[in-house]
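# Breakdown of the fold
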Amino acid sequence: NPQTFGYFVSAGALAGVNAPAAAELNYYLSHYNIAVHGVFHAIKKGPFQVDLVGGPSFERFLQDYRFKTLGNNPQNGSQTSSDTEEKLRDYLWGGQLGVRGRSALFKKIDVSFEQLFGGFFRYSRLNAKQKIVHGGGNTGGGATFNDLNETLTLRDRSSGFVPQFSSRVELGYEVTRSVSLTFFYQYDLWLCMSRVENPVVSANLTSIPNGATQIKD
């Protein structure tokens, strides 16, 4: 079927046959950052200091998604499975500009903050694959198939502009000259990042809407 873009295995079994089904989901996310920031000392009054910071930055996001289902072929009772893998990579080139401040509260306690604004060009790459073993179902025209063994592969590319906002507040305590404790809160916001859009697959193996897996903002 040229409109087939995905397949989900259920536990449909022959009459009188016990047919348990299983589903397994794995997701992995990692983020790498390389930044070179210059510092300009803007304000220095006693224990209070404010700096302007900025410079180029490179970011890399990696997302690996795997969804596997296991069940039984409703036509002949044989074991059937579907294994979907999606690998999404985002490469971002740009820069950041912001302020960084620090103030001593007591002799060994200080507080600091940092607020950065970034702009990046994003290049995204998706490699996806689905392997179907002993699948069974309806093709949509009234005909059925009993033993579908197929591997679907897909590649997609996308690019766009990504704004970024980052805030960080720290409270530091100097234990000794070489040892200190830091308590911090950090918030990062990335807009217009990439995600994977998968069409909904109906029971007759046609996609709704009629389209393939692709990258979306």
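Residues numbered from 1 in each chain as written. Predicted model: local features only at pLDDT ≥ 70, side-chain atom pairs only at ≥ 80, totals over all residues. Heavy atoms only, no water.

Time to look at a nonpolar patch on the surface. A grouping of Leu105, Phe106, Leu171, Tyr173, Val175, Val179, Leu181 and Phe183 is seen on the molecular surface, where their side chains present a nonpolar patch of about 770 Å² in accessible area. Going through the elements one at a time, β6 (144-174) and β7 (180-190) are the ones with two or more residues in the nonpolar patch. Mapped onto the elements of the fold, Val175 is located in the loop between β6 and β7. (Patch = residues over 30% accessible without salt bridge, like charges linked within 9 Å, V, L, I, M, F, W, Y side chains within 5 Å. Areas by Shrake-Rupley, 256 points an atom, 1.4 Å probe, with all protein chains shown as cover. Salt bridge = Lys/Arg side-chain N within 4 Å of Asp/Glu carboxyl O. Helix = DSSP H or I, 4+ residues; strand = E, 2+ residues; numbered from the N terminus.)

Evaluated as defined, the whole model comprises six salt bridges. Between Arg89 and Asp64 there is a salt bridge, and its shortest N-O distance comes to 2.8 Å. In this pair, Arg89 is assigned in strand β4 (residues 79-104) and Asp64 in strand β3 (residues 48-72), connecting sequence segments 25 residues apart. Using a relative accessible area of 13% as the deciding quantity, one classes Arg89 as buried. Here Asp83 makes a salt bridge to Arg66, at a shortest N to O gap of 2.4 Å. Taken together, the residues span a long stretch of sequence, with Asp83 in strand β4 and Arg66 in strand β3 at a distance of 17 residues. Judged by its relative accessible area of 13%, Asp83 is buried. (Buried < 20%, exposed > 50% of the residue type's maximum accessible area, 1.4 Å probe, protein only.)

Within the secondary structure, Ser82 is located in strand β4. Taking relative accessible area as the criterion, Ser82 reaches 2% and is therefore assigned buried. Distance from Ser82 to Ile132, taken between C-alpha atoms, is 4.6 Å for residues 50 residues apart in sequence. In this structure the side chain of Ser82 is engaged in a polar contact, spanning 2.8 Å, whose partner is the side chain of Gln130. (Polar contact = N/O pair within 3.5 Å; in protein donor to acceptor, adjacent residues only side chain to side chain.)

A few words on the side chain of Asp83. At 2.4 Å, the side chain of Asp83 and the side chain of Arg66 are in polar contact. What Asp83 contacts, discounting residues up to four positions off in sequence, is Arg66, Phe67, Lys68, Lys129, Gln130 and Lys131. (Contact = heavy atoms within 4.5 Å.)

Moving on to unusual backbone geometry. In this structure, His134 takes a positive phi of about 55° despite not being glycine. Along the chain, the position of His134 falls in strand β5 (residues 109-138). We classify His134 as partly exposed; its relative accessible area is 31%. Notably, Cys192 is not glycine yet its phi reads approximately 60°, a positive angle. Along the polypeptide, Cys192 turns up in the loop between β7 and β8 (195-197). According to the relative accessible area criterion, Cys192 is partly exposed, its value standing at 42%.

This next bit is on the packing of aromatic side chains. Across all of its chains, the model carries six aromatic pairs by this definition. With a centroid separation of 5.7 Å and an interplanar angle of 45°, the aromatic rings of Phe58 and Trp93 are classed as tilted. Taken together, the positions of Phe58 in strand β3 and Trp93 in strand β4 put the pair 35 residues apart, joining distant regions of the chain. Classification of Phe58 as partly exposed rests on a relative accessible area of 25%. Relative to Trp93, the ring of Tyr91 has its centre 6.5 Å away and its plane inclined at 25°; by these criteria the two rings are stacked. Three or more aromatic residues link up through ring pairs in this structure, and these residues are Phe58, Tyr91, Trp93 and Tyr123. Here Arg168 stacks its cationic end above the ring of Phe184, 3.9 Å away from the centre of that ring. (Phe/Tyr/Trp six-rings, centres within 6.5 Å; stacked < 30°, edge-to-face > 60°. Lys NZ or Arg CZ within 6 Å of the ring centre and 35° of its normal.)

Residues of the chain with pLDDT of at least 70 account for 82%, and the chain-wide mean is 85. The lowest-confidence element of the chain is strand β10 (residues 207-208), averaging 64 in pLDDT; the highest-confidence one is β7, averaging 94. (pLDDT = per-residue confidence, 0-100.)

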